[in-house]
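# Per-entry structural report
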Amino acid sequence: MATGNDGRSTDQITVNKRLKYEARLRQRSMVVAGVSTAIVVLSIVLLVPLAPGWEGVKTSFFNGEVFAKTLPKLLKAFLWDVAIFAWSVPLIFALGLAIALARAVRSPALFPLRIFGAAYVDIFRGVPVVLVIYLVGFGVPGLGLPRPWNSPYIWGTVALVLTYSAYIAEVLRGGIESIHASQRAAAICLGLSERDTMRYVILPQAIRRVIPANMNMLVALQKDVALLSFIGPVEILRQAGIFKSLLANFTPYVAAALIFLCVTVPATRYADYLMNRDRNARS
Amino acid sequence: MPEAKLSLCGVKKSFGKQAILRGIDLDVAEGEMICLIGASGSGKSTLLRCINQLEPVDDGNVWLDELDISAPGLDLGPIRRRIGIVFQSFNLFPHMTAMDNVLLAPRRVLNEEVQGLRLRAEEEFARFGLAQHKDKYPDQLSGGQQQRVAVIRALVMRPEIMLFDEITSALDPELVGEVLDVLRELRAEGMTMLLATHEMGFAREVADRVCFIDGGMIVEQGPPEELFNKPKVARTQEPCTYSLKELNCFMVISKGASSKLNFSALLTLDLST
Ligand SMILES: Nc1ncnc2c1ncn2[C@@H]1O[C@H](COP(=O)(O)OP(=O)(O)OP(=O)(O)O)[C@@H](O)[C@H]1O
Ligand SMILES: [Mg+2]
C-alpha cells in the first residue's frame, strides 16, 4: 500500500513537472509566433503603402464602394457555383464508383473492363481540368446539337464529372485495396458471391476509410467549378469579370476570392479534422 | 470411392516455384475430428484453403461426398456453404455487429425466412455464452469472443464439415480455453472437423486422428495416443523441454535435417508438457 501511494505521488510530481515544462515551451513558441507575425504584418502595412503604385492598386483592388455594390450580385452568381457543384457530386461519385469497381473485378473474362477502367483513370487524371473543360465544353456543342443540349452548363458539368470521377475512382480503389485480403476470404468462404462480398463487406469499409480524402477532392472541385467561366456559364468568376470590364476595377475579383474562402476554409478544416480523427482512431 | 465425407487424393499446390503441398492423401469420415500439426510454414493453412477451394489445387482431387469440388468451372458458392471455416484472425467484418456478421451470409444465400434465422442465431449466441454480446461490434469484443462469433457465423450456415485454422494462436493465453471449449462442444455433437493447431495437448485430448505434416506431405498419422506415445519414428533426441517457440526455431534451424528428427522433437515437447 505504502509503496503504491509513494509511487503514485512521485508519478504525480513528474507529471506536473512535465506539464509545467510543456506549458513554458508553448508559451515561448506563442510569443515567437506572435512577434514574427506582427513584424511581417506591420512591415506590409507600413511598407506597401510606400510603394509608388500603391494608391492605384488600392483604388482598383480594394475599393470599398465597388465591393459593396458588386457583392450581392456576386453572391447570387456564386449560387450557380454551388448548384453546379451540388449536381456534379452525385454524378461524380456514381461514375467514380463504377470505374473503381471495373478496376477491381477479378474474373479473367472481364479483363477488358479493367483495361478500360485503367485507361479512363490515366487519361482524365493526366489532362488538366481546364483542357477537358475546353474540349468538352466547346467541342460537343460544336456538333450543332439542338437548344437545351448545347448548354455550357451541361457540358461543363460533364467535363467536371469526367475529370473528378477519375480522381474519386482512384481514391476508392485505394480504399478497396486497403481492406485486408482475409476479409474477402472470410466472406467468400461463407458462400457469398463476389458481388455480395464487394457490396456488403468490402465497399462499406473502403468508403468509410476514404471519406477524408474525398472531402479534400470536394474542396478542390468547389474551386474548379469556377473554371466553367471559360466556356460560358455566368457563375461568380464570370460575373466578377463582367463587373471588372464594366467598372474598370479589380475589386470584384477580390470579393469573389473572399467568397470562395468563406466556403473552402471551413471545408478544408473539416476534412483535416476527419483525417486526424481517422489517424488517431487507427493508431 | 472410399466411404468418406471428405477425401483428398494426391493434392498438390505450389506458389510460384515453391511446392507447398506435394501430394496429400487424406480421408475424413463423417463425424471424425482430425488435427493437422506441423511446423510453421509446413502448409497446414494452404491445405485447408485448398479444401474449400479458396486456393485452386494444381493437381489431385478434393471429393466432398460424391462430388469432385476441385474440378475447374464449378460454381463454388453452394459448395463453400457446406464447408465452414474459421481463420486465425481478421475473421469478423468490423463494420457490422456480431449479430449482423452472423446473419449476413444466411440472409443472402439461404432460402430461409429472416425470423427463423434470427432465432437460430440467437440460440447459438446463447449456447456459446454470448447472448449479451450479440449487438456489439467486433472491436468491442475480446479476441476469444470474436473467435466464438466467427464459429457461430460458420455454424448458422449448417455446414457439413468445419475447418479451423489455428483459431487460438492469435489469442492471449487466458482466452484460449473458452475457444477450445467451443470445439469440444462441436466434437460432442459429432461435427466433422479438420483443424490445424499448435495446441498439442488439445489435439491429444480430442482428436480421432492426428496428421503430422512436413515438407508438404503427411509424414505420419494415427490416433493421438499411438502417435504421441509410440511414434513409429525412433526418437533421436534425448527428452528435453522445448517451448513451442523454441520448437519452431529448432525446426527452422534444422530444416535441412530429416523431418523425422523434427517430429521426434515435437513428440518430446508434448510428453514433457
Ligand atoms: N498466397 C501465397 N503466395 C505465396 N506463398 C504462399 C502463399 N500462401 C502461403 N505461402 C507459402 O506457403 C508456405 C506454407 O504456408 P502455410 O500458411 O500453409 O503454412 P502453415 O503450416 O499454415 O504455417 P503456420 O503454422 O505459420 O500458420 C509458406 O512458406 C508460405 O510462405
Ligand atoms: Mg497457418
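In this text, all values refer to a predicted model and were calculated from it rather than measured experimentally. (Residues numbered from 1 in each chain as written. Chains lettered and ligands numbered in written order. Predicted model: local features only at pLDDT ≥ 70, side-chain atom pairs only at ≥ 80, totals over all residues. Heavy atoms only, no water.)

Residues and elements named next belong to chain B. The sheet built from six strands is open, its strands ordered 6-7-8-3-9-10 with mixed pairing. Each end of this open sheet is capped by a strand with a single partner; those strands are strand 6 (83-86) and strand 10 (217-222). Recorded for the sheet is a direction-independent mean angle of 20 degrees between the axes of neighbouring strands. For strand 9 (residues 209-214) and strand 10, the ladder comprises five bridges, and the chain directions are antiparallel. Its bridge partner being in strand 10, F212 is matched across the sheet by E220. Sitting on the sheet, helix 5 (residues 143-155) is in contact with strand 6 and strand 7 (161-165), with an inclination near 170 degrees to strand 6. (Pairing = 2+ DSSP bridges. Helix = DSSP H or I, 4+ residues; strand = E, 2+ residues; numbered from the N terminus. Axes fitted to C-alpha atoms, helices over the stretch in contact; angles between N-to-C directions. Contact = heavy atoms within 4.5 Å.)

Attention shifts here to a negative patch on the surface. On the surface, a cluster of negative charge is made up of D100, E122, E123 and D135 of chain B. Examined against the element boundaries, D100 of chain B turns out to sit in helix 3 (residues 98-109). (Patch = residues over 30% accessible without salt bridge, like charges linked within 9 Å, V, L, I, M, F, W, Y side chains within 5 Å. Areas by Shrake-Rupley, 256 points an atom, 1.4 Å probe, with all protein chains shown as cover. Salt bridge = Lys/Arg side-chain N within 4 Å of Asp/Glu carboxyl O. Lys, Arg positive; Asp, Glu negative; His and termini not counted. Charge placed at Lys NZ, Arg CZ, Asp CG, Glu CD.)

Now for a nonpolar patch on the surface. Taken together, the side chains of V41, L42, V45, L46, L47 and L50 of chain A define a hydrophobic patch exposed on the protein surface, amounting to about 610 Å² of accessible area. Mapped onto the elements of the fold, V41 of chain A is located in helix 1 (residues 2-47).

A complete count under the given rule lists 24 salt bridges over all chains for this structure. For R173 of chain A, the salt bridge goes to E177 of chain A, with nearest N and O atoms at 3.4 Å. Of this pair, R173 of chain A and E177 of chain A both sit in helix 6 (residues 152-178), separated by four residues, roughly a single helical turn. Using a relative accessible area of 57% as the deciding quantity, one classes E177 of chain A as exposed. A salt bridge links D65 of chain B to R82 of chain B, with the nearest nitrogen and oxygen atoms 3.1 Å apart. Here the residue D65 of chain B occupies a position in the loop between strand 4 (59-64) and strand 5 (67-68), and R82 of chain B occupies one in the loop between helix 2 (76-81) and strand 6, the gap between them amounting to 17 residues. Here the salt bridges do not stand alone but share partners, grouping R103, E170, R173 and E177 of chain A into one network. (Buried < 20%, exposed > 50% of the residue type's maximum accessible area, 1.4 Å probe, protein only.)

Okay, the interface of chain B and chain A next. With 22 residues of chain B in contact, the opposing surface of chain A contributes 18 residues. Here chain B meets chain A over a buried area of about 1,700 Å², counting both sides, of which 68% is carbon and sulfur. Looking at the side of chain B facing chain A, the largest losses of area belong to F90, H95 and R108 of chain B, adding up to 34% of the total buried there. Linking D196 of chain A and R108 of chain B is a salt bridge whose minimum nitrogen-to-oxygen distance equals 3.0 Å. Viewed at the interface, chain A and chain B are joined by four residue pairs in polar contact (both at pLDDT 80 or more). Among the secondary structure elements, those contributing two or more residues to the side of chain B that touches chain A are helix 2, strand 6, helix 3 and helix 5 of chain B. Take the side of chain B that touches chain A: its biggest share by element is four residues, from helix 3 of chain B. (Buried area = accessible area lost by both parts, 1.4 Å probe. Polar contact = N/O pair within 3.5 Å; in protein donor to acceptor, adjacent residues only side chain to side chain.)

The next thing to look at is the side chain of D81 of chain A. Residues and elements named next belong to chain A. Its place among the elements puts D81 in helix 3 (residues 64-104). In terms of polar contacts, D81 uses its side chain to reach the backbone amide nitrogen of I236, at 3.0 Å. Setting aside its immediate chain neighbours within four residues, D81 contacts Q222, V225, A226, E235, I236 and F260.

To continue, consider the packing of helix 3 of chain A against helix 8 (residues 194-224) of chain A. All names here are of chain A. At a minimum axis distance of 11 Å, the contact between helix 3 and helix 8 shows a crossing angle of 145 degrees. Crossing of helix 3 over helix 8 shows right-handed handedness. Touching F78, D81, F85, V89, I92, F93, L97, L101 and A104 of helix 3 are M198, L203, N214, L218, L221 and Q222, all from helix 8. The class makeup of the residues in the contact of helix 3 with helix 8 is twelve nonpolar, two polar and one charged. (Left-handed = near helix turned anticlockwise from the far one by under 90°. Nonpolar A, V, L, I, M, F, W, Y, C, P; charged D, E, K, R; others polar.)

This part takes up the confidence of the model for chain A. Of all residues in chain A, 95% have pLDDT values of 70 or greater, and the mean over the chain is 89. The weakest mean pLDDT in chain A belongs to helix 1 of chain A at 82; the strongest belongs to helix 6 of chain A at 94. (pLDDT = per-residue confidence, 0-100.)

All names here are of chain B. With their axes 8 Å apart at the nearest point, helix 3 and helix 5 run at an angle of 25 degrees to one another. By the criterion of interaxial angle, the relationship of helix 3 to helix 5 is roughly parallel. Judged by the sense of rotation from one axis to the other, the crossing of helix 3 with helix 5 is right-handed. Taken together, the residues of helix 5 that come into contact with helix 3 (itself represented by A98, N101 and V102) are V149, I152 and R153. Class assignment of the residues belonging to the contact of helix 3 with helix 5 gives a composition of four nonpolar, one polar and one charged. (Parallel < 35°, antiparallel > 145°, perpendicular 65-115°, else oblique.)

By convention here, two paired aromatic rings are described through the distance between centres and the angle between planes. Going through the model one piece at a time under the given rule, you end up with 13 aromatic pairs over all chains. Where W80 of chain A meets W87 of chain A, the ring centres are 6.4 Å apart and the plane angle is 80 degrees; that geometry is what we call edge-to-face. Geometrically, the ring pair formed by Y120 of chain A and F124 of chain A is tilted, given 4.8 Å between the ring centres and 50 degrees between the ring planes. Of this pair, Y120 of chain A and F124 of chain A are both found in helix 4 (residues 111-126), four residues apart, which corresponds to roughly one turn of the helix. For Y120 of chain A, a relative accessible area of 9% puts it in the buried group. Following the ring pairs from residue to residue traces out a cluster consisting of W54, F61, F62, F250 and Y253 of chain A. Above the plane of the ring of F93 of chain B lies R153 of chain B, whose end atom (NZ or CZ) is 4.5 Å from the centre. (Phe/Tyr/Trp six-rings, centres within 6.5 Å; stacked < 30°, edge-to-face > 60°. Lys NZ or Arg CZ within 6 Å of the ring centre and 35° of its normal.)

Residues and elements named next belong to chain B. In the vicinity of ligand 1, 13 residues are found, and the nearest of them are S40, G41, S45, T46 and E166. G41 has a polar backbone atom sitting 2.7 Å from an oxygen atom of ligand 1. Between ligand 1 and T46, the relevant distance is 2.5 Å, taken from an oxygen atom to a side-chain nitrogen or oxygen of the residue. Look at ligand 1: alone it shows 640 Å² of surface, and the protein chains cover 62% of it. For the shell around ligand 1, the leading source of residues is helix 1 (residues 44-51), giving three residues. The residue inventory of the shell around ligand 1, partitioned by class, reads three nonpolar, eight polar and two charged. (Near = heavy atom within 4 Å.)

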